[in-house]
Amino acid sequence: MATTVAAPGTTPAPAEAPTGTFWRAVLTGTTAVLLVALLLLAAAVAVVPRVLGGAALTVLTGSMEPTYSPGDMVVSVPQERYEVGDVVTFQPVTGDPTLITHRVVGVSLGAETAYITRGDANGADDDPVAAEQVMGRVVYHVPYVGHLSDAVGPNRGIVVTAVACLLIGYGSYLVIADSRAGRRRGPGQITTGES
């Protein structure tokens, strides 16, 4: 419940009824948590991969289960070298845009370095992969987000722009609503217990 205290030399304003303030606070808190989660998710799958020079990719098969499931999004970033145990994204055929994400199970050193990979759920190794075919090492993943990315498809730019506009609009609404609430209290009035 909010308590209004009048500044010296002014008359106190009539007390406002507390109807709806609890549900308004619940709605505001829930919305704030959802917006922060949305911003963190957008940063994890759009901003961070670009800053690191990598890419966010959707897992399409179960070859890496239980580590990564279909629909998970992995962020793969180029490295100078790869070690046994690293999960890497590579082109199985040079120049082919198809990408596979599997674990390095062996490194063949010689005239040219080659990596032997295998999916965690697979029983056999893949064909050796040349170092030039490896696009990057998976640095983290976000579960289930790939489903959303696939559903949006080529309209990702439009969706990101729409979400950004909604966030800006909501922020503007909060600023305006707070400004109007301050005018209703009147000058020289301090409201305590309200956030």
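Every value quoted in this text rests on a predicted model; they were computed, and no experiment measured them.

### A closer look at the pattern of salt bridges
- The tally for this structure, following the rule as stated, stands at 3 salt bridges.
- As a salt-bridge pair, R103 and D120 come within 2.9 Å of each other at their nearest N and O atoms. In this pair, R103 is assigned in strand 5 (residues 100–108) and D120 in the loop between strand 6 (114–118) and strand 7 (129–130), connecting sequence segments 17 residues apart.
- By relative accessible area, which is 31% here, D120 ends up partly exposed.
- R118 serves as the salt-bridge partner of D125, at 2.6 Å between the closest nitrogen and oxygen.
- Judged by its relative accessible area of 29%, R118 is partly exposed.

### Quick word on the sheet that holds strand 2 (residues 55–58)
- The strand order across the open sheet built from 7 strands is 2-3-8-4-5-6-7, with neighbouring strands paired in antiparallel fashion. Pairing within the sheet leaves two strands with one partner each, and these edge strands are strand 2 and strand 7.
- One ladder, built from 4 bridges, connects strand 2 with strand 3 (residues 73–77); its direction is antiparallel. Its bridge partner being in strand 3, L57 is matched across the sheet by V74.
- Relative to the sheet, helix 1 (residues 21–52) contacts strand 2, strand 3 and strand 8 (134–142), its axis offset from that of strand 8 by approximately 155 degrees.

The rules we used
Residues numbered from 1 in each chain as written. Predicted model: local features only at pLDDT ≥ 70, side-chain atom pairs only at ≥ 80, totals over all residues. Heavy atoms only, no water. Salt bridge = Lys/Arg side-chain N within 4 Å of Asp/Glu carboxyl O. Helix = DSSP H or I, 4+ residues; strand = E, 2+ residues; numbered from the N terminus. Buried < 20%, exposed > 50% of the residue type's maximum accessible area, 1.4 Å probe, protein only. Pairing = 2+ DSSP bridges. Contact = heavy atoms within 4.5 Å. Axes fitted to C-alpha atoms, helices over the stretch in contact; angles between N-to-C directions.

Note that all results are geometric; they support no functional claim without further evidence.
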